[in-house]
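# Coordinates in review
The primary structure of each chain is shown beneath.
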Amino acid sequence: MSTLKETLRKKIEEHRPRTTRLVKEFGDVKLGDVTISQAIGGARGIKCLVTDISYLDPMEGIRFRGKTIPETFAALPKVPGSDYPYVEGFWWMLLTGDVPTMEQTLEVVEDWKKRSQIPAYVIDVLRALPRDSHPMAMFSAAIVAMQRDSVFAKNYAAGKFNKMTCWEDMYEDANELMAKLGPIAAYIYRMKYKGDTHIPADPKLDMGGNFAHMMGVDKPYDDVARMYFILHSDHESGNVSAHTTHLVASALSDAYYSYAAGINGLAGPLHGLANQEVLAWTQNFMDKLGGKVPTKEELEKALWDTLNSGQVIPGYGHAVLRKTDPRYTSQREFCLKTPGLKEYPLFQLVSMIFEVAPDVLLKHGKAKNPWPNVDAQSGVIQWYYGVTEYDFYTVLFGVGRALGCLANITWDRALGYAIERPKSVTTAMLEDAAGIK
Ligand code: HAX
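Residues numbered from 1 in each chain as written. Predicted model: local features only at pLDDT ≥ 70, side-chain atom pairs only at ≥ 80, totals over all residues. Heavy atoms only, no water.

Under the convention used in this document: UniProt positions are given in the numbering used here, feature names are shortened, and annotations may be inferred rather than shown by experiment.
By the naming in an unreviewed UniProt entry, the protein is citrate synthase (unknown stereospecificity), taken from Desulfuromonas palmitatis. What UniProt records for the protein under Pathway (unreviewed entry) is the sentence "Carbohydrate metabolism; tricarboxylic acid cycle; isocitrate from oxaloacetate: step 1/2." Its UniProt record gives the protein a comment under Sequence similarities (unreviewed entry), which states: "Belongs to the citrate synthase family."

## Quick notes on the overall build of the protein
Our working definition: Strands here mean DSSP runs of E at least two residues long; helices mean DSSP runs of H or I at least four residues long; both are numbered from the N terminus. For the radius of gyration, the atoms used are the C-alpha atoms, and the globule rule reads 2.2 Å times the number of residues raised to 0.38. Relative accessibility under 20% of the residue-type maximum defines a buried residue, over 50% an exposed one, and the middle range a partly exposed one, all with a 1.4 Å probe and only protein chains included. Two residues qualify as a contact provided that any one of their heavy atoms is within 4.5 Å of a heavy atom in the partner residue. Asp and Glu are treated as the negative residues and Lys and Arg as the positive ones, with His and the ends of the chain left uncounted. For charged residues, the charge sits on one atom: NZ in Lys, CZ in Arg, CG in Asp, CD in Glu.
Within the protein, the secondary structure is distributed over 20 helices and 2 strands. By the compact-globule yardstick of 22 Å for 437 residues, the protein fits well, its C-alpha radius of gyration being 22 Å. Dimensions of the protein, computed from C-alpha atoms along their principal axes, come out at roughly 65 × 65 × 45 Å. A total of 437 residues make up the protein; the buried ones form 53% of that total. Partitioning the intrachain contacts of the protein with sequence separation of at least 6 by distance along the chain shows that 76% fall at a separation of at least 24. Counting 49 positive and 52 negative side-chain charges, the protein places the averaged centre of each group 2 Å from the other.

## Description of the nonpolar core
The condition is simple: The definition of a nonpolar core used throughout is a set of buried Ala, Val, Leu, Ile, Met, Phe, Trp, Tyr and Cys residues joined through side-chain atoms within 4.5 Å.
The biggest cluster of nonpolar side chains holds 114 residues, and the ones touching the most others in it are Trp91, Phe139, Tyr221 and Leu406. If sequence neighbours within four positions are ignored, Phe139 has contacts with Leu181, Ile184, Ala185, Ile188, Ile263, Val395, Gly398 and Val399.

## Overview of the pairing of strand 2 (residues 61-64)
Let me state the cut-off plainly: Note on pairing: DSSP must find at least two bridges between two strands before they are called paired.
For strand 1 (residues 54-57) and strand 2, the ladder comprises 4 bridges, and the chain directions are antiparallel. In the sheet register, Tyr55 faces strand 2, and the bridge partner there is Arg63. Two successive antiparallel strands, strand 1 and strand 2, enclose a turn made up of 3 residues.

## Points about the site of the ligand
Where we set the bar: Consider each residue's heavy atoms; a residue with any of them within 4 Å of a molecule or strand counts as near. In protein, a polar contact means a hydrogen-donor-capable atom and an acceptor-capable atom, both N or O and within 3.5 Å, with residues adjacent in sequence counting only if both atoms are side-chain atoms; elsewhere, any N or O pair within 3.5 Å suffices. Note on residue classes: Ala, Val, Leu, Ile, Met, Phe, Trp, Tyr, Cys and Pro are nonpolar, Asp, Glu, Lys and Arg are charged, and everything else, Gly too, is polar.
Not every one of the 21 residues close to the ligand is listed here, only the nearest: Gly315, Tyr316, Lys366, Lys368 and Asp375. A distance of 2.8 Å is found between a nitrogen atom of the ligand and a backbone nitrogen or oxygen belonging to Leu270. One of the backbone N or O atoms of Ile313 is found 2.9 Å from a nitrogen atom in the ligand. Classifying every residue of the shell around the ligand by side-chain character gives 11 nonpolar, 6 polar and 4 charged.

## Structural notes on the packing of helix 11 (residues 221-231) against helix 18 (residues 375-384)
For clarity, the cut-off: Under this scheme, a helix contributes an axis fitted over its contacting stretch, all axes are lines through C-alpha atoms, and angles between N-to-C directions fall in the 0 to 180 degree range. For classification purposes, an angle smaller than 35 degrees is called roughly parallel, one larger than 145 roughly antiparallel, one from 65 to 115 roughly perpendicular, and anything else oblique. Note on convention: the crossing is left-handed when the near helix lies turned anticlockwise from the far helix by less than a right angle, right-handed when the turn is clockwise.
Interaxial distance between helix 11 and helix 18 falls to 11 Å at its minimum, and their mutual angle equals 160°. The orientation of helix 11 with respect to helix 18, classified from their angle, is roughly antiparallel. For the pair helix 11 and helix 18, the crossing hand works out as left-handed. Taking contact as the criterion, the partners of Tyr221, Val224, Met227 and Tyr228 in helix 11 are, on helix 18, Ser378, Ile381 and Gln382. Here the contact of helix 11 with helix 18 is built from residues that sort into 5 nonpolar, 2 polar and no charged.

## Some thoughts on the packing of aromatic side chains
Rules: Ring geometry is summarised as follows: Phe, Tyr and Trp rings, the Trp one being its six-membered ring, pair when their centres sit within 6.5 Å, and such pairs are stacked at plane angles under 30 degrees, edge-to-face over 60 and tilted between the two. Lysine NZ or arginine CZ positioned within 6 Å of the ring centre and within 35 degrees of the ring normal marks a charge as sitting over the ring.
Within this structure, the stated rule accounts for 18 aromatic pairs. Through a chain of ring-to-ring contacts, the aromatic side chains of Tyr221, Tyr344, Tyr384 and Tyr385 assemble into a single cluster. Its guanidinium or amino end placed over the ring of Phe152, Arg413 lies 4.3 Å from that ring's centre, counting from NZ or CZ.

## Overview of the environment of Ala43
In this fold, Ala43 is placed in the loop between helix 2 (36-40) and strand 1. Linking Ala43 and Gly238, residues 195 residues apart in sequence, is a C-alpha distance of 9.2 Å.

## Thoughts on the layout of surface pockets
With a probe scaled to a water molecule rolled over the atoms, the places where space remains empty come into view. The test is simple: Within this scheme a cavity is a closed region of a 1 Å grid, computed over the protein atoms alone, that accommodates a 1.4 Å probe without allowing it to escape, whereas a pocket is open but has protein on both sides within 12 Å along at least five of seven lines; lining residues each have an atom within 4 Å of a point. Grid points are joined across faces, edges and corners, and a volume is the space filled by probe spheres set on the points.
Reported here for the second largest pocket is a volume of approximately 410 Å³. Along the walls of the second largest pocket sit 26 residues, with Ser116, Pro183, Ala201, Asn210 and Met214 positioned nearest its centre. Mapped onto the lining of the second largest pocket, the elements with two or more residues apiece are helix 5 (102-115), helix 9 (166-193) and helix 10 (207-215). Among the elements that make up the lining of the second largest pocket, the one with the highest residue count is helix 9 (6 residues).

## Quick look at empty space enclosed by the protein
Per the counting criterion, the structure on display carries 4 cavities of 30 Å³ or more. Within this model, the largest cavity holds a volume of roughly 80 Å³. Lining the largest cavity are Val278, Trp281, Thr282, Leu303, Ile313, Pro314, Tyr316, Val350, Ile353 and Ala376. Of all the elements in the fold, those that place two or more residues in the lining of the largest cavity are helix 14 (274-288) and helix 17 (345-364). In terms of residue count, helix 14 provides more of the lining of the largest cavity than any other element does, 3 residues in total. Class assignment of the residues belonging to the lining of the largest cavity gives a composition of 9 nonpolar, 1 polar and no charged.

Encoded structure:
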């Protein structure tokens, strides 16, 4: 039995009475009323999901288990010789709420190494897909293909379902996925963009280091990977990828079905695909200018052209945040402290967009939040380190987002969260409620 699993078991046992008491004794306490615009407008702001893994304050941004991004990076054990922590230690923190010791972190590192081999049939599935399939479609197919190995599904089919202990099967599936997603993503990358040449895993490396190695990108891309996966891990539960994963898991679907569904949601341009769209927008703009650095006036015009043609400015705005996304700031700080990257023309252009776009969006008057989100900055760093195939960027997001989604559905099972089933109403009912009928 792993120390992480035992620690998690204690946490779950301590936590369960809190949830039970809230439902039994305080189940009728109201958290708010639902308005017509919330019912029509994407359930914005309705408080009906519960998670302790992260919390998103509109003005402050994300906290993972109560810690801001800088606090998270400072607290966790670091990979020797690196500026960023082990992703495996972060996984421990997301699951348990505690900062692990180096020894505990290394236990997860070893556990994931043992689980990291990509099954041969997954390679077959990936190779059978047309090579011009979007890498997110490939990633999703690989995840759902592995459903045959789900411990949860096998035990359920064998009649071994037990509401109190089924989180353990989810935990096993979640760890299997976490260990394999990096190597699968790297396999897709090299198959699709690097002439189908592959680099075997290096058993000496941690998850982030091995990912960089299998991608074939030199240091400090290992730190970029660690930073990127942690930053993209979780953004409380209402965003499309986290909510979809939770929703599908609520039907007692296993981690593979659930996270493949989450990945499909992440692939939408209003969500995770925005990082690809940012680079596409920026590159198109630079091409139109023949590669020269634009003036602020040229940039402002291009932003207005995008808005006037009815499109969104990718990487800007957010459903919850009302200030610059600290995940954007964290990546910007990485660029500012990295020699070469700070002077890099693409970084300078993205910085200029940061100066110009919020004013344009404010004048446009629609977006409630004119500030950049995580996706406005992430592609620049990838591009700088040679990962210029921007339709791959959302896959990177998907490897990181798994940390949050899978930690959440492990806890969903542990606390016995119900199958999700909100109520719908008809338009006529809304008109009745509004008194216009
Ligand atoms: N450019 C142009 N218009 C925008 C805008 C932007 N960046 N952001 C919002 N708006 C518009 C909306 O389309 C909406 O217009 P309509 O009334 O015509 O429908 C209006 O402003 C009000 O929207 P909002 O309440 O401010 O924002 P939403 O909560 O509805 O949507 C989005 C939030 C992130 C989807 C939105 O800001 C957007 O489309 N941004 C660009 C795409 C993007 O960067 N997505 C990634 C977000 C972060 C994330 O999930 N990463 O994975």
